[in-house]
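Listed below are the residues making up each chain.
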Amino acid sequence: DTTPEIAKRLGARLVPAVGSFADVRNEGVRVCKSDWVLYIDADERVIPDLAKEIRTVISTPLHAAYAVNRSNILYGYNLQHGGWEKDQVVRLFHREKLIRWQGSIHEHAEVDGSTGVLDTQLLHLTHRNLIQGLHKTAEWTPLEAQLLFD
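A brief look at the structure comes next. Fair warning: this is a prediction, and the values are worked out from it, not measured in the lab.

1. Notes on the overall build of the protein
Argument step 1. When you go through the protein residue by residue, the secondary structure sums to four helices and nine strands.
Argument step 2. The secondary structure elements of the protein, listed N-terminal to C-terminal, are α-α-β-β-α-β-β-β-β-β-β-β-α.
Argument step 3. Computed over C-alpha atoms, the radius of gyration of the protein comes to 16 Å, within 12% of the 15 Å expected from 2.2 N^0.38 for 150 residues, which places it in the range of a compact globule.
Argument step 4. Considered along the principal axes of its C-alpha atoms, the protein spans approximately 45 × 35 × 35 Å.
Argument step 5. Per-residue burial for the protein yields a buried fraction of 28% across its 150 residues.
Argument step 6. Contacts spanning at least 24 positions in sequence make up 69% of the contacts within the protein whose residues lie at least 6 apart.
Argument step 7. Carbon together with sulfur atoms contributes 57% to the accessible area of the protein, which is approximately 9900 Å² in total.

2. Some points on the layout of surface pockets
Argument step 1. Here the largest pocket defines a volume of roughly 1300 Å³.
Argument step 2. For the lining of the largest pocket, the secondary-structure elements that each account for two or more residues are helix 1 (3-9), helix 2 (21-31) and strand 1 (36-38).
Argument step 3. Residue composition of the lining of the largest pocket, by class: 17 nonpolar, four polar and six charged.
Argument step 4. Of the volumes computed, that of the second largest pocket is approximately 1000 Å³.

3. Quick word on a nonpolar patch on the surface
Argument step 1. Taken together, the side chains of Tyr-75, Tyr-77, Leu-130, Ile-131 and Leu-134 present a nonpolar region at the surface, about 580 Å² in accessible area.
Argument step 2. You can see Ile-131 is positioned in helix 4 (residues 130-149).

4. What to know about empty space enclosed by the protein
Argument step 1. Scanning all chains against the criterion turns up one cavity of 30 Å³ or more.
Argument step 2. What the largest cavity holds in volume is close to 60 Å³.
Argument step 3. Lining of the largest cavity is provided by Leu-38, Ile-40, Leu-50, Ile-54, Tyr-66, Ala-67, Val-68, Arg-91, Leu-92, Leu-118 and Leu-122.
Argument step 4. Elements with a minimum of two residues in the lining of the largest cavity: helix 3 (48-59), strand 3 (65-74) and strand 5 (88-94).
Argument step 5. Per-element accounting of the lining of the largest cavity gives the leading share, three residues, to strand 3.
Argument step 6. Along the lines of polarity and charge, the residues of the lining of the largest cavity split into 10 nonpolar, no polar and one charged.

The rules we used
Residues numbered from 1 in each chain as written. Predicted model: local features only at pLDDT ≥ 70, side-chain atom pairs only at ≥ 80, totals over all residues. Heavy atoms only, no water. Helix = DSSP H or I, 4+ residues; strand = E, 2+ residues; numbered from the N terminus. Rg over C-alpha atoms; globule rule 2.2 N^0.38 Å. Buried < 20%, exposed > 50% of the residue type's maximum accessible area, 1.4 Å probe, protein only. Contact = heavy atoms within 4.5 Å. Areas by Shrake-Rupley, 256 points an atom, 1.4 Å probe, with all protein chains shown as cover. 1 Å grid on protein atoms, 1.4 Å probe; cavity = no way out; pocket = protein on both sides within 12 Å on 5 of 7 lines; lining within 4 Å. Points joined across faces, edges and corners; volume = space filled by probe spheres on them. Nonpolar A, V, L, I, M, F, W, Y, C, P; charged D, E, K, R; others polar. Patch = residues over 30% accessible without salt bridge, like charges linked within 9 Å, V, L, I, M, F, W, Y side chains within 5 Å. Salt bridge = Lys/Arg side-chain N within 4 Å of Asp/Glu carboxyl O.

Pasting the structure below:
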């Protein structure tokens, strides 16, 4: 993944963080300077219509946070059944209203205030090929198993 190199080239300041996904996100918001924060993962894409909608809602916000529906692309196919079509994640926050992220994986946000839902989907390019899918499954299986015992 070349995300850090791309981010540096585009002028982003990289903040080292360790721990769970929630710990890393909490550190990111702690050093953030903007009023609004959008969290996306390396395998997610903000399409132009979503970027436009985000700019609109943060200019006259009605909520402290906003959820977005993800369009999950698995091995090149848009998953529209089996629960994948209802994949909604809260990712856009007013920085001062985000209390914290919680959870070691499949982390979720605690927000002080209401949460709205954006109309435009976020692309989630999960498991792009068989090799990547097998590697990700092998990496995540112990984490998922640990959740069953916590």
